[in-house]
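Breakdown of the fold
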2 protein chains.
Amino acid sequence: MERIFTTEVASHIGERVRLQGWLHARRQLGGITFLMLRDGQGMIQAVSEHEAELAPLREAEAELESIIVLEGEMASVPQAPGGVELHEIKLDVLVAVHEITPLTLSKRKLNAQIGSLLDHAPIANRYPARRAIFKLSSTVMNSFRQTLSTRNFVEIQTPKLVGAATESGANVFKLDYFGRPAYLAQSPQLYKQMMVGVFERVFEIGPVFRAEEHDTARHLNQYTSLDLEFGFIENHFTVMALLREVLANIFTDLKERCGPELTMLEAVLPEVPETIPHIHFSEAQELIFRLHKTDVRGEPDLSPQDERWLGAWAKEKFQSDFLYVTGYPMRKRPFYTHPDPEQPAFSNSFDLLFRGTELVTGGQRLHRYQEYLQALELAHIASEPFEAYLQAFRYGMPPHGGLAIGLERLIMQLTGISNVRLAALFPRDIHRLTP
Amino acid sequence: MERIFTTEVASHIGERVRLQGWLHARRQLGGITFLMLRDGQGMIQAVSEHEAELAPLREAEAELESIIVLEGEMASVPQAPGGVELHEIKLDVLVAVHEITPLTLSKRKLNAQIGSLLDHAPIANRYPARRAIFKLSSTVMNSFRQTLSTRNFVEIQTPKLVGAATESGANVFKLDYFGRPAYLAQSPQLYKQMMVGVFERVFEIGPVFRAEEHDTARHLNQYTSLDLEFGFIENHFTVMALLREVLANIFTDLKERCGPELTMLEAVLPEVPETIPHIHFSEAQELIFRLHKTDVRGEPDLSPQDERWLGAWAKEKFQSDFLYVTGYPMRKRPFYTHPDPEQPAFSNSFDLLFRGTELVTGGQRLHRYQEYLQALELAHIASEPFEAYLQAFRYGMPPHGGLAIGLERLIMQLTGISNVRLAALFPRDIHRLTP
């Protein structure tokens, strides 16, 4: 008999089927034993009233998480989890587990400290609510790619080991590369720009590395960056319009493909407005002064409190979970940032706030060779290490821009988990290099 | 007028259209000027008999690779490249290039040494035959993902910074991680296995790092690995059957989506047989002895010459570009390799030879906790650094296996390029960290 997945049972009611997976839970009620089988897709309950059916578990001394094969008759039982149940079972133990798991996966709530969850990640990640998180991540990556592939974006893989020049120079991991210093890439920024010169439209999903010593709930030392960059834009508003499409598709795909996971996580999907409201950086500061009597005018950046205030304002005024803040001051943005032609102290850049927290950063980049030479000089950065990068602009680059979405940050904000580490399979922080 | 891509012109014959891109080539024949515009998708020829139409180029002193906007009437001209031509043009220079490019992109053949191509990668990658290579790479990644997504595989992103335990211990890049040693991951092997315990079926596309000091045409220090791992397999033949599907889809997708690129590269796609022929390692050695009078029996591995002989044999005997060699000796395989239950000195592993060169390695892994403890002891590897990894097996893991495809190696063998560096956008080798 061919094995089916737990997600395929609905079309097999009344039939005898074969399932495989982990023995997720087991409980006794009077003379009845309820088993939960968990496979890579979901779970199903099996019921036995005959001790003999469970003999293989006893004989193998098989504890929870043992690998089992379950045959049985698929019955529609409205009060069972998922509305189906396996009856008249035949159980075989494929791999017996003899020890009790360090975390009780069968409980409804996984009551463990974050440290314990992360130390036992190979086991903790099996917990349904942990799996749900990673199913969302996988779906987001897939959606990002599909939106861009249908718009002629080409997927690229760029170097993670770089020789000298990095975007910011700070917070980089350094290593010995055959006797020379090398650094782990903080972002694919410079490479994706060079590739705009080749394909116009490129994207990359991959790891980025930040040697930040921050030990906060919002920082990871390796995270997954969803990057895109494209040419022939008008200005940063072209990038913002594409981002709106990317996000709308992500949330539509999550709704269609991750219904049970969203329910389990009690995550409420946002509506993405047809046009996401936007406010200029300096207007945002004026607004905060007016509404909250706090004078942040002249500050070079928004504080987390400022972002929360702006998020609340957007929700009230536009019923929007999203708000673009545009035109951040040039002095806080990296050297490749394109200034606003009308007000050169401000930039053609944006942050997207999602429920009052920054989620995406992007903008228009410089595209003329001479502008790069000037920008590097102004920032007191030697141009020599950027020689290859500058070739791209020296020999023809269109107006272009792009953005980066932090995958774990997106999942964190969407699901309301309290620590970004819980959005990574095996997170890396200042204290944690294993598992 | 809305901009169209060069790949969209066929549906606009007789219309006035607007295109944007790079001034790829320019030549004069009598009083007629032929321009080639290159955009992110392809190229198109424009023809001008009126000096005035070209005045903007003259005025901007715009050399090749300048960014231009071209309006014109789309005409069907059988003898033109692609069968279409732009007439009655209106040209604007968006960004003027004032210098001659270090490589002549407009030539049919890019006659440059590999060192020069790599030093000037931001420009060299614009050359049509270079772009074609990377279009293939992008398509292969896409195809790999699609095949697996439709089979319930979940995409994962695993740590590239690891604390201690690595698969082999050799050839790893070491770095300082906040005062402690860390290493760059040589493969996602241990993580994808742990994730089989979570999702049964997982895949990852990402960078892997090898600190090999080899300076050959076949080695990169960072490459892109297409990894998959899945549970509830029978043995390595289950993995081989899935690989056959993955490859068949890759070559079908390349055929459908990359026709012009394959033609340009003169790449001949292989047929993937319904069943890829296979031969056991020891039979392969016997065969080589019989056919070539070279006694390699008892050698622990196949040499490149052995692989070429076997490839030629498979081609002649089965008309197949592919051959599986199964059952490599255990002593040359990593500790997690599953032995052949019938002949424990040999493994349930395989290599896939493509046109006589190894392309994919895979196999069945151990899945029982006790077997891991024994295997580590036998290999004289301390189990303590693997503690978290071993949790996965201690608490229930099904029979499983997987494989890894080197993306650049696949592209190299498919297109017949002589150096794997040319299959990477910005390759990393022992001498090269930039661009």
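The coordinates are above.
Calculation criteria
- Residues numbered from 1 in each chain as written.
- Chains lettered and ligands numbered in written order.
- Predicted model: local features only at pLDDT ≥ 70, side-chain atom pairs only at ≥ 80, totals over all residues.
- Heavy atoms only, no water.
- Phe/Tyr/Trp six-rings, centres within 6.5 Å; stacked < 30°, edge-to-face > 60°.
- Lys NZ or Arg CZ within 6 Å of the ring centre and 35° of its normal.
- Helix = DSSP H or I, 4+ residues; strand = E, 2+ residues; numbered from the N terminus.
- Buried < 20%, exposed > 50% of the residue type's maximum accessible area, 1.4 Å probe, protein only.
- Lys, Arg positive; Asp, Glu negative; His and termini not counted.
- Salt bridge = Lys/Arg side-chain N within 4 Å of Asp/Glu carboxyl O.
- Contact = heavy atoms within 4.5 Å.
- Axes fitted to C-alpha atoms, helices over the stretch in contact; angles between N-to-C directions.
- Parallel < 35°, antiparallel > 145°, perpendicular 65-115°, else oblique.
- Left-handed = near helix turned anticlockwise from the far one by under 90°.
- Nonpolar A, V, L, I, M, F, W, Y, C, P; charged D, E, K, R; others polar.
- Pairing = 2+ DSSP bridges.
- Core = buried A, V, L, I, M, F, W, Y, C linked by side-chain atoms within 4.5 Å.
- Buried area = accessible area lost by both parts, 1.4 Å probe.

**Looking at the packing of aromatic side chains**
Summed over the entire model, instances satisfying the criterion amount to 42 aromatic pairs over all chains. Among the aromatic residues, ring-to-ring pairing joins Phe335, Tyr336, Tyr372, Phe386, Tyr389 and Phe393 of chain A into one connected group. We note Arg3 of chain B situated over the ring of Phe232 of chain A; from NZ or CZ to the ring centre the distance is 4.8 Å.

**Concerning the side chain of Asp306 of chain A**
Residues and elements named next belong to chain A. Residue placement: Asp306 occurs in helix α9 (residues 304-318). Here Asp306 occupies a buried position and makes no salt bridge, while the nearest side chain of opposite charge, Arg308, is found at 8.5 Å. The contact partners of Asp306, leaving out residues within four places of it in the chain, are Ile288, Val296 and Asp301.

**What about the packing of helix α4 (residues 128-149) of chain B against helix α12 (residues 407-415) of chain B?**
For any two helices packed against each other, one specifies the inter-axial angle together with the distance between the axes. All names here are of chain B. α12 packs onto α4 with a crossing angle of 125 degrees between their chain directions and a minimal axis gap of 10 Å. As judged from the angle between their axes, α4 and α12 are oblique. Viewed along their axes, α4 and α12 form a crossing whose handedness is right-handed. Taking contact as the criterion, the partners of Ile133, Leu136, Ser137, Val140 and Met141 in α4 are, on α12, Leu407, Leu410, Ile411, Leu414 and Thr415. Here the contact of α4 with α12 is composed, by residue class, of eight nonpolar, two polar and no charged.

**Notes on the pairing of strand β9 (residues 180-184) of chain A**
All names here are of chain A. Note: strand β7 (residues 161-162) against β9, two bridges, orientation antiparallel. Bridging across to β9, Leu161 finds its partner in Leu184. Here strand β8 (residues 174-177) pairs with β9 via four bridges, running antiparallel. Bridging from a neighbouring strand, Lys174 pairs with Tyr183 of β9. Between β8 and the antiparallel strand that follows it, β9, lie two residues; Phe178 among them carries a positive phi value of about 50 degrees.

**As for the nonpolar core**
Among the nonpolar cores identified, the biggest contains 91 residues, and Tyr389 of chain A together with Phe144, Leu228, Leu243, Phe251, Leu254 and Ile405 of chain B are the most heavily contacted of them. The leading source of residues in this core is helix α6 (residues 236-257) of chain B, at 10 residues. If we skip the residues at most four places from it in the chain, Leu254 of chain B touches Leu136, Thr139, Val140, Gly259, Leu262, Leu269 and Leu414 of chain B. In terms of nonpolar packing, the next biggest core, distinct from the first, is built from 90 residues, Val97, Ala132 and Leu247 of chain A together with Ala392 of chain B among them.

**Some thoughts on the environment of Gly327 of chain B**
All names here are of chain B. Relative to the assigned elements, Gly327 resides in the loop between β13 (322-326) and β14 (349-354). By relative accessible area, which is 1% here, Gly327 ends up buried. In this structure, the C-alpha to C-alpha distance between Gly327 and Phe281, residues 46 residues apart in sequence, is 5.5 Å. Setting aside anything within four residues of it in sequence, one finds Gly327 in contact with His280, Phe281, Phe346, Ser347 and Ser349.

**Here we look at the pattern of salt bridges**
Inspection of the entire model under this criterion finds 52 salt bridges over all chains. Of the charged contacts, one joins Glu200 of chain B and Arg3 of chain A as a salt bridge, the two residues approaching to 2.8 Å between their closest N and O atoms. Note that Glu200 of chain B is positioned in the loop between α5 (189-199) and β10 (201-209) and Arg3 of chain A in the segment before β1 (16-29), a pairing that runs across two chains. Under the relative-accessibility criterion, Glu200 of chain B is labelled buried at 0%. Exposure remark for Arg3 of chain A: the relative accessible area of 16% places this residue in the buried category. What emerges from the salt-bridge pattern is a single network uniting Arg145 and Glu155 of chain A together with Arg145 and Glu155 of chain B.

**As for the side chain of Thr139 of chain B**
All names here are of chain B. For Thr139, the location among the structural elements is in helix α4. Taking the relative accessible area as the measure of exposure, Thr139 reaches 6% and is therefore buried. Those residues in contact with Thr139 that lie beyond four places of it in its chain are Asp253, Leu254, Arg257 and Cys258.

**Let's talk about the sheet that holds strand β12 (residues 278-280) of chain B**
Residues and elements named next belong to chain B. Taken together, eight strands build an open sheet; the order of strands is β6-β10-β11-β16-β15-β14-β13-β12 and the sheet is mixed. Every interior strand has two partners, whereas the edge strands, β6 (154-155) and β12, have only one. Looking at chain direction, β10 and strand β11 (residues 222-231) are connected through nine bridges and run antiparallel. What sits directly across from Val208, in β11, is Tyr223.

**Structural notes on the interface of chain A and chain B**
Between chain A and chain B, the residue contacts involve 95 residues of the former and 95 residues of the latter. Summed over both partners, the interface of chain A with chain B comes to about 8100 Å²; 62% of that surface belongs to carbon and sulfur atoms. When residues of chain A are sorted by the area they lose upon contact with chain B, Phe178, Tyr395 and Leu433 of chain A head the list and together hold 10% of the total. Taken together, chain A and chain B are joined by six salt bridges. Measuring nitrogen to oxygen at the nearest pair gives 2.7 Å for the salt bridge that ties Arg145 of chain A to Glu155 of chain B. The element best represented in the side of chain A that touches chain B is helix α4 (residues 128-149) of chain A, accounting for eight residues.

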